[in-house]
Amino acid sequence: MLFYIAVLLCLCILVVHGDSATYYICSAGDSNLLGAYTKSTDDTKVDGSYVFSNANEMSIFRNKGFWYIGDLG
């Protein structure tokens, strides 16, 4: 349950501050989700929003109006 709250909080922050270059996840049930998420270097937008990725190849992105966090690799 705590994992879902952490993800929801991160997504809410992205909606409010969508133009920032870096976001951090400090607590999650999966250690691959932890760390700094930086905006894609080519400024590509998917569904009108930037894609943010961390060093573990995990990404936060929006598709068809829904936010996702997961492995795009």
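Coordinates for the structure precede this section.
Now for a quick tour of the structure. Just so we're clear, the structure is a prediction, and the values are computed from it rather than from any experiment.

## A closer look at the overall build of the chain
The number of helices and strands found in the chain is one helix and seven strands. Counted from the first residue to the last, the chain has its helices and strands arranged as α-β-β-β-β-β-β-β. Within the chain, counting contacts between residues at least 6 apart in sequence, those at least 24 apart form 23% of the total. Put simply, the chain shows about 4800 Å² of open surface, and 59% of that area lies on carbon and sulfur atoms.

## Things to note about the packing of aromatic side chains
We describe a pair of aromatic rings using the distance from one ring centre to the other and the angle between the two ring planes. Counted by the stated rule, this structure contains two aromatic pairs. With 5.0 Å between their ring centres and 80° between their planes, Tyr23 and Phe52 make a pair best called edge-to-face. Of this pair, Tyr23 sits in strand 1 (residues 22-25) while Phe52 sits in strand 5 (residues 52-53); the two residues are 29 residues apart in sequence, bridging distant segments of the chain. Judged on exposure class, the residue Tyr23 and its partner Phe52 are both buried. Here the basic side chain of Lys39 rests over the ring of Tyr50, its NZ or CZ set 4.3 Å away from the ring centre.

## Quick look at the pairing of strand 7 (residues 66-71)
Here six bridges tie strand 6 (residues 58-63) to strand 7, and the two strands are oriented antiparallel to one another. In the strand pairing of strand 7, Phe61 is matched with Tyr68.

## What about the pattern of salt bridges?
In the structure shown here, the tally under the stated rule is one salt bridge. A salt bridge links Arg62 to Asp47; the nearest nitrogen and oxygen atoms lie 3.4 Å apart. Linking Arg62 in strand 6 with Asp47 in the loop between strand 3 (45-46) and strand 4 (49-50), this pair joins segments that are 15 residues apart in sequence. Given a relative accessible area of 34%, Asp47 falls into the partly exposed group.

## Overview of the sheet that holds strand 2 (residues 35-39)
Taken together, the five strands give an open sheet; going across it, the order is 1-2-5-6-7, and neighbouring strands pair in antiparallel fashion. The open sheet has two edge strands, strand 1 and strand 7, and neither has a second partner. Bridge count for strand 1 against strand 2 is four bridges, and the pairing is antiparallel. Across the sheet, the residue bridging to Thr22 is Thr38, located in strand 2.

What counts as what
- Residues numbered from 1 in each chain as written.
- Predicted model: local features only at pLDDT ≥ 70, side-chain atom pairs only at ≥ 80, totals over all residues.
- Heavy atoms only, no water.
- Helix = DSSP H or I, 4+ residues; strand = E, 2+ residues; numbered from the N terminus.
- Contact = heavy atoms within 4.5 Å.
- Areas by Shrake-Rupley, 256 points an atom, 1.4 Å probe, with all protein chains shown as cover.
- Phe/Tyr/Trp six-rings, centres within 6.5 Å; stacked < 30°, edge-to-face > 60°.
- Buried < 20%, exposed > 50% of the residue type's maximum accessible area, 1.4 Å probe, protein only.
- Lys NZ or Arg CZ within 6 Å of the ring centre and 35° of its normal.
- Pairing = 2+ DSSP bridges.
- Salt bridge = Lys/Arg side-chain N within 4 Å of Asp/Glu carboxyl O.

Remember, this is a structural readout, not a statement about activity or role.
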